[in-house]
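Observations on the three-dimensional arrangement
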Amino acid sequence: MREPGFALYIHWPFCKSKCPYCDFNSHVRDGIAQERWRRALLAELDHAAAETAGRQVTSIFFGGGTPSLMEPATVAALIERAASRWRMAEDVEVTLEANPSSVESARFAALRQAGVNRLSLGVQALDDRALRFLGRGHDAAEALAAIALAERHFARYSFDLIYARPEQTLAQWQAELARAVALAGDHLSVYQLTIEPGTAFATAHARGDWAVPDEELAGDLFEATQEALATAGLTAYEISNHARPGGECRHNLTYWRYGDYVGIGPGAHGRVAVGSDKLATRRFRAPETWLGAVERQGHGLEEQIPLSAAERAEEMMMMGLRLVEGVGRARFRAETGAEIEASLDSRRLADLGDGGFLIRDAQGLRATAAGRQRLNAVLAALAA
Ligand code: SF4
């Protein structure tokens, strides 16, 4: 198993409009003081770097929100500052999330110039009706144009799709997947539509405006996804993520392998080992609160707490079982000082194995495809 790496996450909390399914920390504002935000992000980066001096950064990820709305000069300044504060791995992966609107696509060349070497595009659907339903600010033609531009400017690019949409049939989804495969680079993320509390979709869904596919159809859609993408060489390496060999998102692998990461910007989380402690960090979530804190004190940290061995074990299971490779024994031991079995009930472990949801062997513990598809239930059973 590869080393988990050390990652830097930078959160840009603004979007042009709020998508009705989204529960991310994203906000719509009339005007954004780009220079003020640049100074604040740079200040928080400096603060975080002082606490993790000497580490080697293996990936940087600009997430959001919509970081393709950041000025490329801000992106460049942050990458440059990170390289001056930490050692950078020779093959450091620098990803930026982008929406496929024409305004943002026009920035791709400048973002590449700024040091971004991997683009993750929020395409979500290749169908205008579905895009309208999802409240996206782009149509299918813009998505195709953005994918073509991404391919031109970036050696590595990925795009996201959302399935299990209301009224979606298996045949329609298979046709959309075939089109996606033809457009894909080295990576594809395919998420099942989930109704998140507090979103506009949660209200519409509760009102009965529409229904999502039932469990059986959702299961068929999941299986069709696995099959179509595996056949195309984009093998699943995580519940919703597929890649050609070597195309896996190294940044997200750091999270799932429970490596250390620094998170800066509003609401960003981090996990950083300091001595024998692993600290969980969380920044102020509201953009203006975070900005005010950074301008006053140089950072927007709201909370920094050491995790107990039991909490680390639980988090590691939660993250690692998302991956096809699962949780490795050596990594688990190094992180928690105990064996995988020590924190789990042997009877439940055996039941989940017999049920075809988990596999336990000399390498460690991993979920089967059926287990990954119902991971929340598997984790709940393990924790019961
Ligand atoms: S663009 Fe992305 S982050 Fe922004 S509201 Fe839509 S889904 Fe959420």
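Before any of the text, the structure's been laid out above.
Conventions used here
- Here the residue numbering is sequential within each chain, running from 1 through the sequence in written order.
- With the structure being a predicted model, the display of local features is reserved for residues of pLDDT at least 70 and the display and counting of side-chain atom pairs for 80 or more, all residues being used for whole-chain, interface and lining totals.
- Heavy atoms throughout the structure, all of them, feed into the side-chain values; hydrogens and water do not.
- In this description a helix means any DSSP run of H or I spanning at least four residues, a strand means any run of E spanning at least two, and both kinds are numbered starting from the N terminus.
- Only the C-alpha atoms count toward the radius of gyration. The rule for a globule is 2.2 Å times the residue count to the power 0.38.
- Think of it in three bands: with a 1.4 Å probe and only protein chains considered, a residue is buried below 20% of the maximum accessible area for its type, exposed above 50%, and partly exposed in between.
- We call two residues in contact whenever any of their non-hydrogen atoms come within 4.5 Å of each other.
- Per-residue and other accessible areas follow the Shrake-Rupley method at a 1.4 Å probe size, with only the shown protein chains counted as cover for residues.
- A pair of strands is treated as paired once DSSP finds two or more bridges between them.
- Here a crossover is taken to be right-handed if, once the strands point away from the viewer, the path from the first strand over the helix to the second is traced clockwise.
- Any carboxyl oxygen of Asp or Glu within 4 Å of a side-chain nitrogen of Lys or Arg constitutes a salt bridge here.
- What we call a nonpolar core is a set of buried Ala, Val, Leu, Ile, Met, Phe, Trp, Tyr and Cys residues that are connected through their side-chain atoms within 4.5 Å.
- Nearness of a residue to a molecule or strand requires only that one of the residue's heavy atoms be within 4 Å of it.
- Residue type decides the class: Asp, Glu, Lys and Arg count as charged, Ala, Val, Leu, Ile, Met, Phe, Trp, Tyr, Cys and Pro as nonpolar, and the leftover types, Gly among them, as polar.
- To count toward a patch, a residue needs a relative accessible area over 30% and no salt bridge; like charges are then connected within 9 Å, while nonpolar side chains (Val, Leu, Ile, Met, Phe, Trp, Tyr) are connected within 5 Å.
- Positive charges come from Lys and Arg, negative ones from Asp and Glu, while His and the chain ends are left out of the count.
- One atom stands in for each charge, and that atom is NZ of Lys, CZ of Arg, CG of Asp or CD of Glu.
- Comment: axis = line fitted to C-alpha atoms, over the contacting stretch for helices; angle = value between 0 and 180 degrees taken between N-to-C directions.
- Should an angle lie under 35 degrees it is considered roughly parallel, over 145 roughly antiparallel, and from 65 to 115 roughly perpendicular; all remaining angles are considered oblique.
- The crossing is said to be left-handed when, going from far helix to near helix, the turn is anticlockwise and less than a right angle, and right-handed when the turn is clockwise.
- Take the number of residues in a helix, subtract one, and multiply by 1.5 Å to get its expected span.

**What about the overall build of the protein?**
Within the protein, the regular secondary structure consists of 16 helices and 15 strands. Computed over C-alpha atoms, the radius of gyration of the protein comes to 21 Å, within 12% of the 21 Å expected from 2.2 N^0.38 for 384 residues, which places it in the range of a compact globule. Structurally, the protein occupies a C-alpha span of about 55 × 50 × 40 Å along its principal axes. The buried share among the 384 residues of the protein stands at 52%. Restricting to contacts in the protein with at least 6 residues of sequence separation, those with at least 24 account for 69%. Working note: accessible area of the protein is about 16,900 Å², and carbon and sulfur atoms make up 51% of it.

**Quick notes on the pairing of strand S3 (residues 87-98)**
Of the pairings in the sheet, the one linking strand S2 (residues 56-64) to S3 comprises six bridges and is parallel in character. Its bridge partner being in S3, Phe-62 is matched across the sheet by Leu-96. Viewed along the sheet, the connection from S2 through helix H2 (residues 72-85) into S3 turns out right-handed. Pairing analysis gives four bridges linking S3 to strand S4 (residues 118-124), with the strands arranged parallel. The residue bridging Leu-96 from the neighbouring strand is Leu-119, located in S4.

**Topic: the pattern of salt bridges**
Between side chains of opposite charge, pairing is possible as soon as their charged atoms come close. For the structure on display, the rule yields 29 salt bridges. For the salt bridge of Asp-46 with Arg-81, the shortest nitrogen-to-oxygen distance reads 2.7 Å. Taken together, the residues Asp-46 in helix H1 (residues 34-51) and Arg-81 in helix H2 connect sequence positions 35 residues apart. Notably, a salt bridge pairs Arg-250 with Asp-91, separated by 3.7 Å at the nearest N-O pair. With Arg-250 in helix H10 (residues 250-256) and Asp-91 in strand S3, the pair connects residues that are 159 residues apart, well separated along the chain. A relative accessible area of 23% places Arg-250 in the partly exposed class. Residue class for Asp-91 comes out partly exposed when judged on its relative accessible area of 46%.

**Details of the nonpolar core**
Membership of the largest hydrophobic core comes to 82 residues, with the highest contact counts inside it found for Phe-62, Phe-108, Leu-121 and Phe-159. At seven residues, the largest contribution of residues to this core is made by H1. Not counting chain neighbours up to four residues away, the residues in contact with Phe-108 comprise Ala-98, Leu-119, Leu-121, Ala-146, Leu-149, Ala-150, His-153 and Phe-154. Judged by nonpolar contacts, the second largest core, of 13 residues, contains Cys-19, Ala-125, Leu-131 and Trp-210.

**Side note on the site of the ligand**
Around the ligand sit Cys-15, Ser-17, Lys-18, Cys-19, Tyr-21, Cys-22, Phe-24, Ser-26, Gly-65, Thr-66, Asn-99 and Arg-136, and those are all the residues in its vicinity. Of the residues belonging to the shell around the ligand, the class tally is five nonpolar, five polar and two charged.

**Notes on the pairing of strand S11 (residues 277-283)**
Counting buried positions along S11 yields five of seven residues, so the element is predominantly enclosed. Bridge count between strand S10 (residues 269-274) and S11: six bridges; the pairing is antiparallel. Bridged to Arg-271 within S11 is Ala-280. The turn joining S10 and S11, which pair antiparallel and follow one another in sequence, is formed by two residues; a positive phi near 60 degrees is taken by Gly-275.

**Details of a negative patch on the surface**
On the surface, a cluster of negative charge is made up of Asp-214, Glu-215, Glu-216, Asp-220, Glu-223 and Glu-227. For Glu-227, a relative accessible area of 59% gives the class exposed.

**What to know about the packing of helix H7 (residues 170-183) against helix H9 (residues 215-231)**
As a packed pair, H7 and H9 sit with axes 10 Å apart at the nearest point and diverge in direction by 30 degrees. With respect to H9, the axis of H7 lies roughly parallel. For the crossing formed where H7 meets H9, the hand is right-handed. In this structure, H7 uses Leu-170, Trp-173, Gln-174, Leu-177 and Val-181 to contact H9, whose residues at the interface are Asp-220, Leu-221, Ala-224, Thr-225, Ala-228 and Leu-229.

**Quick notes on helix H12 (residues 309-320)**
Under the 1.5 Å per step criterion, the end-to-end length of H12 is 16 Å for twelve residues, consistent within 8% with the ideal 16 Å. When H12 is considered as a whole, its buried residues turn out to be Arg-312, Ala-313, Glu-315, Met-316, Met-317 and Gly-320.

Bear in mind that shape data such as this cannot, by itself, settle questions of function.
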